[in-house]
Amino acid sequence: MKQLISATLSEEAAEIYNNWEKQKKSQIISAMIIEQDVNMKLIEALRIRREVQTSLIAKANVALWLKDPKDPLCKELNETLVGTIHYQYRDTV
């Protein structure tokens, strides 16, 4: 299915668009839309992956801390969690 679209371009985008080969403009735009959709899906998958890995690091950190709070890995793992809800605000031993 083909669809006709209309768009208002910025001056910079219009300059780029106008430099494209006349018979290739639709093909280029179609490829860009598809590529951007793939990129957005990849970014979302990476965001979810990061959240899962952060949660796993937090769980490992707590388990290690409960076993041996003096283990230097506790501090190292916790430092990787700064800025997340998983960061442990505790005194380092």
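The structure displayed is predicted, hence computed values, not measured ones. Throughout, a residue's number is its position along its own chain's written sequence, starting from 1. Restriction of local features to residues with pLDDT of at least 70 applies here, the model being predicted, together with a cutoff of 80 or more for giving and counting side-chain atom pairs; totals for whole chains, interfaces and linings are based on all residues. Excluded from the side-chain calculation are hydrogens and water; included are all heavy atoms of the structure.

Trainee: Could you give me a rundown of the confidence of the model for the protein, with the residues and numbers involved?
Mentor: Interpretation of this model should avoid reading the predicted coordinates in detail wherever pLDDT is low. The share of residues in the protein with pLDDT of 70 or more is 96%, and the mean pLDDT across the chain is 91. The pLDDT score gives, residue by residue, the confidence of the prediction method on a 0 to 100 scale. Only DSSP runs of H or I covering at least 4 residues are called helices, and only runs of E covering at least 2 are called strands; the numbering of each starts at the N terminus. Mean pLDDT per element in the protein: helix H3 (residues 72–79) is the minimum at 91, and helix H2 (residues 25–67) is the maximum at 95.

Trainee: Tell me about a nonpolar patch on the surface, and name the residues and values.
Mentor: Together, Ile48, Val52 and Leu56 give the surface a local cluster of nonpolar side chains, amounting to about 260 Å² of exposed area. Assignment of secondary structure puts Val52 in helix H2. A relative accessible area of 46% places Val52 in the partly exposed class. Patch membership requires more than 30% relative accessible area and the absence of a salt bridge. Residues of like charge join within 9 Å; the nonpolar side chains Val, Leu, Ile, Met, Phe, Trp and Tyr join within 5 Å. Here the Shrake-Rupley method, with its probe set to 1.4 Å, supplies the accessible areas, and only the displayed protein chains count as covering residues. Basic side-chain nitrogens of Lys or Arg form a salt bridge, by our definition, when they fall within 4 Å of a carboxyl oxygen of Asp or Glu. Each residue is assigned to one of three classes by its accessible area relative to the maximum for its type, calculated with a 1.4 Å probe on protein chains only: buried under 20%, partly exposed between the two thresholds, exposed over 50%.

Trainee: Describe the side chain of Lys25, with residues and values.
Mentor: Topologically, Lys25 is positioned in helix H2. Although buried, Lys25 forms no salt bridge, and the nearest oppositely charged side chain, Glu21, lies 11 Å from it. What Lys25 contacts, discounting residues up to four positions off in sequence, is Tyr17, Asn18 and Trp20. All tallies of charge rest on Lys and Arg as positive and Asp and Glu as negative; His and the ends of each chain are not included. For this analysis, residues touch if any pair of their heavy atoms sits within 4.5 Å.

Trainee: Describe the pattern of salt bridges, and please don't skip the residues or the numbers.
Mentor: Per the counting criterion, the structure on display carries three salt bridges. Measuring nitrogen to oxygen at the nearest pair gives 3.0 Å for the salt bridge that ties Asp37 to Lys41. With Asp37 and Lys41 both in helix H2, this residue pair falls four residues apart, about one helical turn. With a relative accessible area of 55%, Lys41 lands in the exposed category. The partner of Arg47 in a salt bridge is Glu44, with the nearest N and O atoms 2.4 Å apart. Taken as a pair, Arg47 and Glu44 lie in helix H2 at a separation of three residues, close to a single helical turn. Arg47 sits in the partly exposed class, given a relative accessible area of 29%. Its relative accessible area of 35% is what places Glu44 among the partly exposed residues. A single salt-bridge network, built from bridges that share partners, covers Glu44, Arg47 and Glu51.

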